[in-house]
Amino acid sequence: MEQSAHGGEPAGAAGDAAETLDHPLPEGVRRRVIALVADAFGGLTVAELPAPLRQYARFTASRRAKFAGNAMAAALEGDPLFRQRIGERFKQAQPELAGAVEGGTPPAAADPVDVAAAAYVLRPAGWAKLVAAAGEEVQRADAERADEAGRRELERLREELAAARERTRDETEQLRHDLEAARKEAESLHRKLRSAQSDVKRGEAALRRAQGEIEAVRSESAAQVSAAESESRRLKARLGEVEAALEASRRAAREGRSVEDMRLRLLLDTVLDAAQGLRRELALPPVSVHPADTVDAVEPGRMSPKDIAARALSETDPALLDQLLELPQTHLVVDGYNVTKTGYPTMPLEKQRLRLLGGLSALAARSGAEVTCVFDGAELAAPVLLAPPRGVRVLFSKPGVTADELIRQLVRAEPPGRPVVVVSTDREVADGVAKAGARPVASALLLKRLSRLS
């Protein structure tokens, strides 16, 4: 019988303590005990399980045996109540074996490992002897299996030895035949060598004849070289005559080119006179704008973001943002989600965007500054259907590009000298745009300024 829900040891706990194992639980018995516990595990509620095993309550029996084997073995040994509950489930699953083990008369035909596992869980009187006897039986069976395996291995090795001896005899006979064939081949090679030596002697004689012929060819070549040198001197003289004729033709070409230069100069003067006449006829004004005038920069006497930073205003004073936006051609770049998650992070992203863009539209209309709001495209689950408000440019970063990098690209795209104000609390963004010449301000400053517009 299980004990009450308030705790305490079961009735057989004192009897269990009286018997102990002299040796560790045999490995086969231990695996069978863990499998038995894993099967009975599923019939218990979470409340009936020891605390260390509750995390495995939803595992299958095979997964419990694999991952919780040590924990189940420890709980079975140290928790008598858990062991009693597992025993009750085992009695329900295998009543005949459980009854025989508790009665002290296990079936003779039963597997000793099953008997030992049942005795270890049920803990009847004399259970330790049953487990020890099962361990000895398992060891004896293992020894018999090992002997049988050894006999089979010995028989296999004997057969392999006989086969190896047979192969050795065959290979020895084959080697004798190969040796005889090699001896005959060597005799044939000796005959070929003597023949080759005779051929070498004949070749040496032919070489001496060839050397004599080469000497004769050299003499003939020397005569031909002398004749070629004479022909070369004649050709050089002819080349001098051709070069003189070429120089004369070049002088004639230069004289002809001077006439062509004169005609070209007359044509150029005609084109210039025609262009001046066309300018007078169209009454074209003189050029008043130069390329340098198109470069945007801070002129003397005009304020820059650094001049604004030098004034005695707090970094959290909205008047600082107003002064920055009063600078000529100011471009306000806003890190969208950085501002919205600072001011109203609990709202859905869509409502965060709409609320911020509405405030920026009013600020753009009042200040006249160029306003660009950048959002991180990684936050999007699908394309955003959004009509940008009047006066506000809305950009989302491309896949693989963060909003911070897009902001730095916008700052780098501006010409040197144009006032650029970047709203972000991100320290890395602020430091990066400051190095590029922009003026960073905190998101809280913009939120305060927008709150005055609402």
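Since we're looking at a predicted model, the values are computed, not measured.

Packing of helix α10 (residues 318-325) against helix α15 (residues 443-453) brings their axes to within 8 Å, and their N-to-C directions diverge by 90 degrees. In terms of orientation, α10 lies roughly perpendicular with respect to α15. Residues Pro318, Leu320, Leu321 and Asp322 of α10 touch α15, and the partners they reach there are Leu445, Leu446, Lys448, Arg449 and Arg452. Classifying every residue of the contact of α10 with α15 by side-chain character gives five nonpolar, no polar and four charged.

What follows concerns the environment of Arg83. Residue placement: Arg83 occurs in helix α5 (residues 80-93). Using a relative accessible area of 4% as the deciding quantity, one classes Arg83 as buried. C-alpha separation for the pair Arg83 and Arg123, spaced 40 residues apart in sequence, amounts to 9.2 Å.

This part takes up the pattern of salt bridges. By the definition in use, this model includes 17 salt bridges. Here Arg412 makes a salt bridge to Glu405, at a shortest N to O gap of 3.1 Å. By relative accessible area, which is 25% here, Glu405 ends up partly exposed. A cluster of three or more residues bridged by salt bridges with shared partners is formed by Glu370, Arg393, Glu414 and Arg418.

Here we come to the packing of aromatic side chains. This structure, assessed with the given rule, holds two aromatic pairs. The rings of Tyr337, Phe375 and Phe396 are connected pair by pair, giving a single aromatic cluster. Here the basic side chain of Lys341 rests over the ring of Tyr337, its NZ or CZ set 5.3 Å away from the ring centre.

Turning to the pairing of strand β1 (residues 331-335), a few remarks are in order. A large share of β1 lies buried, amounting to five of its five residues. Going residue by residue along β1, you find His331, Val333 and Asp335 tucked away on one face and Leu332 and Val334 tucked away on the opposite face as well. Pairing of β1 with strand β2 (residues 370-375), which is carried by five bridges, proceeds in the parallel orientation. Its bridge partner lying in β2, Leu332 is registered against Val371. Pairing geometry for β1 and strand β4 (residues 420-423), over four bridges, is parallel. If you follow His331 over to β4, its bridge partner there is Val420.

On to the packing of helix α2 (residues 27-41) against α5, then. Direction vectors running N to C along α2 and α5 enclose 80 degrees, while the axes themselves pass 9 Å from each other. Taken as axis vectors, α2 and α5 run roughly perpendicular relative to one another. Judged by residue contacts, Leu36, Val37, Ala40 and Phe41 of α2 engage Phe82, Ile86, Arg89 and Phe90 from α5. Split by residue class, the contact of α2 with α5 holds seven nonpolar, no polar and one charged.

Topologically, His331 is positioned in strand β1. For His331, a relative accessible area of 2% translates into the label buried. Other than its neighbours up to four places away in sequence, His331 contacts Glu370, Val371, Thr372, Arg393, Glu414, Arg418, Pro419, Val420 and Val421.

Let us now look at the sheet that holds β4. Pairing is parallel across the open sheet formed by five strands, whose spatial order is β3-β2-β1-β4-β5. Looking at the sheet topology across the chains shown, the edges are occupied by β3 (392-396) and β5 (439-441). Each adjacent strand pair in this sheet contributes to an overall mean axis angle of 20 degrees, direction not counted. Pairing of β4 with β5, which is carried by three bridges, proceeds in the parallel orientation. In the strand pairing of β5, Val421 is matched with Arg439. Sheet strands in contact with helix α13 (residues 403-413) are β1, β2, β3 and β4, and its direction is about 155 degrees off that of β2.

Our focus in this paragraph is the confidence of the model for the protein chain. Residues of the protein chain with pLDDT of at least 70 account for 79%, and the chain-wide mean is 78. Low pLDDT, under 50, characterises residues 1-15; the stretch is placed with 15 contacts to residues that sit more than four places away or in other chains.

What follows concerns the nonpolar core. Counting 36 residues, the largest nonpolar core has Val33, Met72, Leu76, Phe82 and Ile86 as the members making the most contacts within it. Only α2, α4 (69-78), α5, α6 (95-102), α7 (112-122) and α8 (127-282) provide two or more residues apiece to this core. Among the elements that line this core, the one with the most residues is α7, at nine residues. Among residues more than four places away in sequence, those in contact with Val33 are Leu25, Leu76, Ala117, Tyr120 and Val121. In terms of nonpolar packing, the next biggest core, distinct from the first, is built from 28 residues, Leu332, Leu356, Leu357 and Val421 among them.

With that settled, the discussion passes to unusual backbone geometry. For Gln329, which is not a glycine, the phi torsion comes out positive at approximately 60 degrees. Within the secondary structure, Gln329 sits in the loop between α10 and β1.

So, how was this worked out
- Residues numbered from 1 in each chain as written.
- Predicted model: local features only at pLDDT ≥ 70, side-chain atom pairs only at ≥ 80, totals over all residues.
- Heavy atoms only, no water.
- Axes fitted to C-alpha atoms, helices over the stretch in contact; angles between N-to-C directions.
- Helix = DSSP H or I, 4+ residues; strand = E, 2+ residues; numbered from the N terminus.
- Parallel < 35°, antiparallel > 145°, perpendicular 65-115°, else oblique.
- Contact = heavy atoms within 4.5 Å.
- Nonpolar A, V, L, I, M, F, W, Y, C, P; charged D, E, K, R; others polar.
- Buried < 20%, exposed > 50% of the residue type's maximum accessible area, 1.4 Å probe, protein only.
- Salt bridge = Lys/Arg side-chain N within 4 Å of Asp/Glu carboxyl O.
- Phe/Tyr/Trp six-rings, centres within 6.5 Å; stacked < 30°, edge-to-face > 60°.
- Lys NZ or Arg CZ within 6 Å of the ring centre and 35° of its normal.
- Pairing = 2+ DSSP bridges.
- pLDDT = per-residue confidence, 0-100.
- Core = buried A, V, L, I, M, F, W, Y, C linked by side-chain atoms within 4.5 Å.

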